[in-house]
Amino acid sequence: MKAVILVGGQGMRLRPLTCTLPKPMLPLINRPFIEHVLAHLKRHGIDEVILSAGYLPATFDDYFKEIDDLGLKLELVAEDTPLGTCGAVKNVADRLDDTFMVFNGDILTDINLSHLLEYHRQKGAMATIALTSVDDPTSYGLVPLKGDGQVEAFIEKPNWDDVTTDLINAGTYILEPEALALAPAGENYSFERGLFPLMLDRGLPVYGWPAGSYWLDIGSPEKYMRAHHDLLDGKILFDFAGSELKPRVWVGEGTVVDPGAMVYGPVVMGKNCVVEADAVVVGPTSLGDDCVISAGARVEGSVLLNGCRLAGSAVIKNSILGRRVSIGRKVHVDDVSVLGDNLAVGEDNLLRHGIKIWPDTKIGPGTITF
Ligand code: GDD
Ligand code: MG
């Protein structure tokens, strides 16, 4: 079975993290997010994957050159201009001559793809859309169903007035080549506003399958952080790398945690980290490789990517630090704030209320205090 993964979006809502990396290449517990998606596909027997990229495509190439143990045949196709979700798949239609799958590249899920395929075949569908329930369907594609499982309508980003169900498009489709044949070639075209409504207009067999599995779109800082928390809390299957220092505290090779440090799991630390005596790390927290948590510093409920350094009495709570962020003494970061790569924060700053600071910035001592 072949699959196309859509990874061409700019990940605007996850800026500043996505200023330097596309969303699917952002680490999730120290592995590029796309690796979690690929592992899921592989578990269900998908052996050939086309990655449809557009934004910072070289980052995928560099990464996949480095690793060779995925056990999947992988091809990267980069668009010059964004073709939209369906246009991106149409772009590789010559490789898709049998039933195939399409995935949004920013979804963390353990949807049972084998059952989805069985359902698709049993219904004789031309397209089957996996569905999930959410509290606020207005940020997604709403998919009301008829009694027999056929899709009644597809309403992308509906108003509350249109919301008649909590079932939304989970960003996982099974398609027949005949469905893709209906899409125009060489232009920006989407499944959500283009192909699916067109197929419904024509009365073609489009089915929806409520998946009832763990499901999360990681596309905002809150959800990117929640993905970490959920993996650390064991809500979705994950094989933690490294050794277990104590129950639910996993550390990578070369990481040194002083016996006088206080670490409360679930916590993951990458390789070569240093946690000094009197430092406090409270889970669910994920530290990348080469992080330094100095004596007296505290990290709680946060995500620190590779190479972050905290001076004494710095506090990072429920926030995300990009790569190589350096935090001075008495700095307090809180409330889902997001700091971009290579940021240097001088002492005595208060970074709260979901503040976002762009990469390569230097913040002098005592500059931000509200
Ligand atoms: N190659 C390519 N080209 N990929 C694209 C393009 C493009 O022009 N535009 C978006 N993508 C990729 C993104 O990288 C992402 O993986 C996926 O397509 C979906 O785009 P998002 O920007 O994340 O869309 P969304 O989250 O607002 O909505 C979509 O996902 C929801 C589920 O999370 C829709 O499919 C909704 O219907 C759905 O409910
Ligand atoms: Mg999304």
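Since this is a predicted model, take the numbers as computed values, not measurements. (Residues numbered from 1 in each chain as written. Chains lettered and ligands numbered in written order. Predicted model: local features only at pLDDT ≥ 70, side-chain atom pairs only at ≥ 80, totals over all residues. Heavy atoms only, no water.)

### Looking at the domain arrangement of the protein chain
Interface size, as often reported, equals the accessible area lost upon joining of the parts. What counts is decided by this rule: Domain delimitation follows an automatic or database domain assignment. Note on contacts: a residue pair qualifies if any of its non-hydrogen atoms lie within 4.5 Å across the two residues. Using a 1.4 Å probe, buried area is obtained as the accessible area two parts lose upon being combined, added over both of them. Any Lys or Arg side-chain nitrogen located within 4 Å of an Asp or Glu carboxyl oxygen qualifies as a salt bridge. Counting of polar contacts relies on pairs of N or O atoms within 3.5 Å, with two restrictions inside protein: one atom must be capable of donating a hydrogen and the other of accepting it, and residues adjacent in sequence are counted only when both atoms are side-chain atoms.
On domain assignment, one finds that the protein chain holds domain 1 (2-222) and domain 2 (248-363). The interface of domain 1 with domain 2 comprises 12 residues on the first partner and 19 residues on the second. Summed over both partners, the interface of domain 1 with domain 2 buries about 1200 Å², with 72% contributed by carbon and sulfur atoms. Applying the counting rule to domain 1 against domain 2 returns zero salt bridges. Inspection of the domain 1/domain 2 interface yields three residue pairs in polar contact (both at pLDDT 80 or more).

### Considerations on the coordination of the magnesium ion (ligand 2)
To keep things clear, this is the line we draw: Donor atoms (N, O, S) are those found within 2.8 Å of the metal centre, with the cutoff raised to 3.2 Å for Na, K and Ca; water is not part of the atom list, so apparent gaps in a site can occur. Strands here mean DSSP runs of E at least two residues long; helices mean DSSP runs of H or I at least four residues long; both are numbered from the N terminus. Remark: exposure states derive from per-residue accessible area (1.4 Å probe, protein chains only) relative to the maximum for the residue type, with buried under 20%, exposed over 50%, and partly exposed in between.
All of the protein donors around the magnesium ion (ligand 2) are Asp106 (OD) and Asp217 (OD); their distances to the metal are 2.1 to 2.4 Å. Of the two residues, aspartate 106 sits in the loop between β6 (100-104) and β7 (107-109) while aspartate 217 sits in strand β13 (residues 215-217), which places them 111 residues apart along the sequence. Assigned by exposure class, aspartate 106 and aspartate 217 land together as buried.

### Some remarks on the site of ligand 1
Filter applied, for reference: Whether a residue is near a molecule or strand is decided by its heavy atoms; if any one of them lies within 4 Å of it, the residue is near. Computed with the Shrake-Rupley method and a 1.4 Å probe, the accessible areas treat only the protein chains shown as cover for residues. Classification convention: Asp, Glu, Lys, Arg as charged; Ala, Val, Leu, Ile, Met, Phe, Trp, Tyr, Cys, Pro as nonpolar; all other residues, Gly among them, as polar.
If you check the shell around ligand 1, you find 27 residues, and the closest are Gly84, Glu156, Asn169, Glu192 and Asp217. Asparagine 104 is positioned such that a nitrogen or oxygen atom in its side chain is 3.0 Å from an oxygen atom of ligand 1. Measuring from an oxygen atom of ligand 1, one finds a side-chain N or O atom of lysine 157 at 2.8 Å. Alone, ligand 1 offers 740 Å² of accessible surface; in the complex the protein occludes 89% of this. When residues of the shell around ligand 1 are traced back to their parent elements, those giving at least two are α3 (84-90), β11 (167-175) and β13. Of the residues forming the shell around ligand 1, the biggest block, three residues, is contributed by α3. Looking at the shell around ligand 1 residue by residue, the class counts come to 10 nonpolar, nine polar and eight charged.

### Brief notes about the sheet that holds strand β28 (residues 326-327)
Convention followed: By definition, two strands form a pair when at least two bridges between them are found by DSSP.
The sheet built from seven strands is open, its strands ordered β16-β19-β22-β25-β28-β31-β34 with parallel pairing. Single-partner strands in this sheet number two, and they are β16 (256-257) and β34 (362-363). Across two bridges, strand β22 (residues 292-293) lies against strand β25 (residues 309-310) in parallel orientation. Its bridge partner being in β25, isoleucine 293 is matched across the sheet by leucine 310.

### Regarding the packing of aromatic side chains
Applied cut-off: Each aromatic pair joins two rings of Phe, Tyr and Trp (for Trp, the six-membered one) with centres within 6.5 Å, and gets the label stacked for planes under 30 degrees apart, edge-to-face for over 60, and tilted for any other angle.
Counted by the stated rule, this structure contains eight aromatic pairs. Both rings, one in tyrosine 119 and one in tyrosine 207, keep their centres 6.3 Å apart while their planes meet at 80°; by these two values the pair is edge-to-face. Residue tyrosine 119 is located in helix α4 (residues 113-123), and its partner tyrosine 207 is located in strand β12 (residues 206-210); the two are separated by 88 residues in the primary sequence. On the basis of relative accessibility, which here comes to 14%, the residue tyrosine 119 falls in the buried class. Relative accessible area serves as the criterion here: at 9%, tyrosine 207 is assigned to the buried category. An angle of 25° between the planes, with centres 5.4 Å apart, marks the rings of phenylalanine 191 and phenylalanine 196 as stacked. Taken individually, phenylalanine 191 and phenylalanine 196 each receive the classification buried, so the pair is uniform in this respect. One aromatic cluster in this structure is built from Phe154, Tyr173, Phe191 and Phe196.

### Here we look at the state of the cysteines
Let me state the cut-off plainly: Only a pair of cysteine sulfur atoms within 2.5 Å counts as a disulfide in this structure description.
Enumeration over the complete set of coordinates arrives at zero disulfides. The closest cysteine sulfur to the non-disulfide-bonded cysteine 273 is located on cysteine 291, 4.7 Å from its own sulfur. Look at cysteine 273 and you get buried, because its relative accessible area is 1%.

### Some details on the sheet that holds strand β21 (residues 285-287)
Strand order in the open sheet made by the eight strands is β14-β15-β18-β21-β24-β27-β30-β33, with mixed pairing throughout. Unpaired on one side and paired on the other, β14 (243-246) and β33 (356-357) mark the two borders of the sheet. Here two bridges tie β21 to strand β24 (residues 303-304), and the two strands are oriented parallel to one another. Its bridge partner being in β24, serine 286 is matched across the sheet by valine 303.

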